[in-house]
Amino acid sequence: MPSKETTNAITKPNGPIPAAAVGDAAPQASPPQEALSWTGSVPEPQALVPAERPVGMPMPTERPVAMLMPANPGIDPDAGPKSPTRSRIYSHRFRDAKPINFGSTSPRKLAVHGVDVSRWQGEIDWDTLRQQGANFVYIKATDGGDHLDPMFRKNWRRAKEAGLKHGAYHFFYWCRTAGEQADWFIRNVPREANALPPVIDVEWNGESSCKRRISPARVREKMQVFMDKLERHYGQRPIIYTAPDFYRDNLKGQMLDYPFWLRSVAAHPSKVYPGRKWLFWQYSGSGLSEGVDGKIDLNVFNGSESDWHDWVASR
């Protein structure tokens, strides 16, 4: 069955929610919690650079492709090589059901806005959503070790067809081993050459079926196992999404080498997370947009259009 878990940013709608098959994966029984930690080194991502050659001419001096690529690389054959063409940036046209006056630090002053979605947004008109100002989207993929968002595969495919930069996020369970959760995410989320880095969503959620609150050291240990495994598979360092209370309890001054996506819907992140560098800012959980029924989370990239293009090109 699909998970009913939500992030703190999401309010379940009153209307019916589309249901979809979650694949051929059988639900996994939850084994006893066990300590996992990765002590080895994390390899640096290796860029795959396509070689240019004249059509029809053999190149006997070159090694076979099989020797240049890892076995079973898992790259989506439809993803294609990274394009040097810069995608169009659509200006912000979102509204907000509960607008906040951020003063001189308004997110509207930043150029590249985006959204995050899950099954709770239902059917989405992706072309319209993009024209409203969604230049990127993060899509809910998995929870724990056996839940797949029933709209993930459709949302992933449709976002890609609409030309949105897209990535997937995982809702982390503190009642499940980190290795199992990483394996489940990898099993369900394609490794595409043009996808945004994967995201680990870490928070205390009173609505979650997992009520456990472990020690800060244990929190970071489990996160590290999960992130190391994803970095090895996808070749990109994962992004950490978090909220103020969880950050204060577990992440303040920690994991400085990781990009952060910060939830801050009442003030600029510099006030809520002093001293923390951030990549994305989730500034509203009550956004309104044509193309989506109900509310949607609004986010912004920390930089200019040029910064965005440079960051995307470096993925």
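Just so it is clear, the model here is predicted, and its values are computed rather than measured.

What follows is about the side chain of aspartate 143. Within the secondary structure, aspartate 143 sits in strand β3 (residues 136-143). Among the polar contacts made by the side chain of aspartate 143, one reaches the side chain of lysine 140 at a distance of 3.2 Å.

Within soluble globular proteins, side chains that are nonpolar generally end up buried alongside one another. Core analysis: the largest hydrophobic core is formed by 56 residues, its most contacted members being Trp174, Met223 and Ile240. The residues touching methionine 223, leaving out its near neighbours within four places in the chain, are Trp174, Ile200, Val202, Ile240, Leu251 and Met255. With 16 residues, the next largest nonpolar core counts Val112, Phe136, Tyr241 and Trp311 among its residues.

Considering all chains together, one arrives at 25 aromatic pairs under this definition. Taking the centre distance of 4.9 Å and the plane angle of 80° together, the rings of tyrosine 247 and tyrosine 273 count as edge-to-face. Of this pair, tyrosine 247 sits in helix α6 (residues 244-251) while tyrosine 273 is found in the loop between α7 (269-272) and β9 (280-288), placing the two residues 26 residues apart along the sequence. Residue tyrosine 247 is classed as buried on the basis of its relative accessible area, which comes to 6%. Here the aromatic residues Phe136, Tyr138, Tyr241, Trp261, Phe280, Phe301, Trp308 and Trp311 are joined through ring pairs into a cluster of three or more. Cation over ring: arginine 119 sits above tryptophan 120, and NZ or CZ is 4.8 Å from the ring centre.

With that settled, the discussion passes to helix α3 (residues 152-161). Burial in α3 covers these residues: Phe152, Asn155, Trp156 and Ala159. On an axial view of α3, the arc spanned by its buried residues comes to 100°, and they lie on one face. Where α3 is buried, its residues meet β2 (113-117), α2 (126-131), β3, β4 (147-148), β5 (165-171) and α4 (178-188).

Bringing the packing of helix α5 (residues 216-234) against α6 into the picture now. Where α5 meets α6, the closest approach of the two axes is 8 Å, and the angle between their N-to-C directions is 100°. Looking at the two axes, α5 sits roughly perpendicular to α6. For the pair α5 and α6, the contacting residues are Pro216, Val219, Arg220 and Met223 in the first and Phe246, Asp249, Asn250 and Leu251 in the second. A per-class count over the contact of α5 with α6 returns five nonpolar, one polar and two charged.

What follows deals with the confidence of the model for the protein. Taken as a whole, the protein shows an average pLDDT of 83; of its residues, 73% reach a score of 70 or greater. Low pLDDT, under 50, characterises residues 20-39; the predicted model gives this stretch 44 contacts beyond four residues in sequence or across chains. Segment residues 45-84: pLDDT under 50, and 27 contacts once partners within four positions in sequence are set aside and those in other chains are kept.

Applying the stated criterion to the full structure yields one disulfide. Between cysteine 175 and cysteine 210 runs a disulfide, and the two sulfur atoms are separated by 2.1 Å. On the sign convention where negative means left-handed, the S-S torsion of about 85° between cysteine 175 and cysteine 210 marks this disulfide as right-handed. Residue cysteine 175 is found in the loop between β5 and α4, and its partner cysteine 210 is found in the loop between β6 (199-202) and α5; the two are separated by 35 residues along the sequence.

Rules used in this analysis
Residues numbered from 1 in each chain as written. Predicted model: local features only at pLDDT ≥ 70, side-chain atom pairs only at ≥ 80, totals over all residues. Heavy atoms only, no water. Helix = DSSP H or I, 4+ residues; strand = E, 2+ residues; numbered from the N terminus. Polar contact = N/O pair within 3.5 Å; in protein donor to acceptor, adjacent residues only side chain to side chain. Core = buried A, V, L, I, M, F, W, Y, C linked by side-chain atoms within 4.5 Å. Buried < 20%, exposed > 50% of the residue type's maximum accessible area, 1.4 Å probe, protein only. Contact = heavy atoms within 4.5 Å. Phe/Tyr/Trp six-rings, centres within 6.5 Å; stacked < 30°, edge-to-face > 60°. Lys NZ or Arg CZ within 6 Å of the ring centre and 35° of its normal. Arc of directions from axis to C-beta. Axes fitted to C-alpha atoms, helices over the stretch in contact; angles between N-to-C directions. Parallel < 35°, antiparallel > 145°, perpendicular 65-115°, else oblique. Nonpolar A, V, L, I, M, F, W, Y, C, P; charged D, E, K, R; others polar. pLDDT = per-residue confidence, 0-100. Disulfide = S-S within 2.5 Å.

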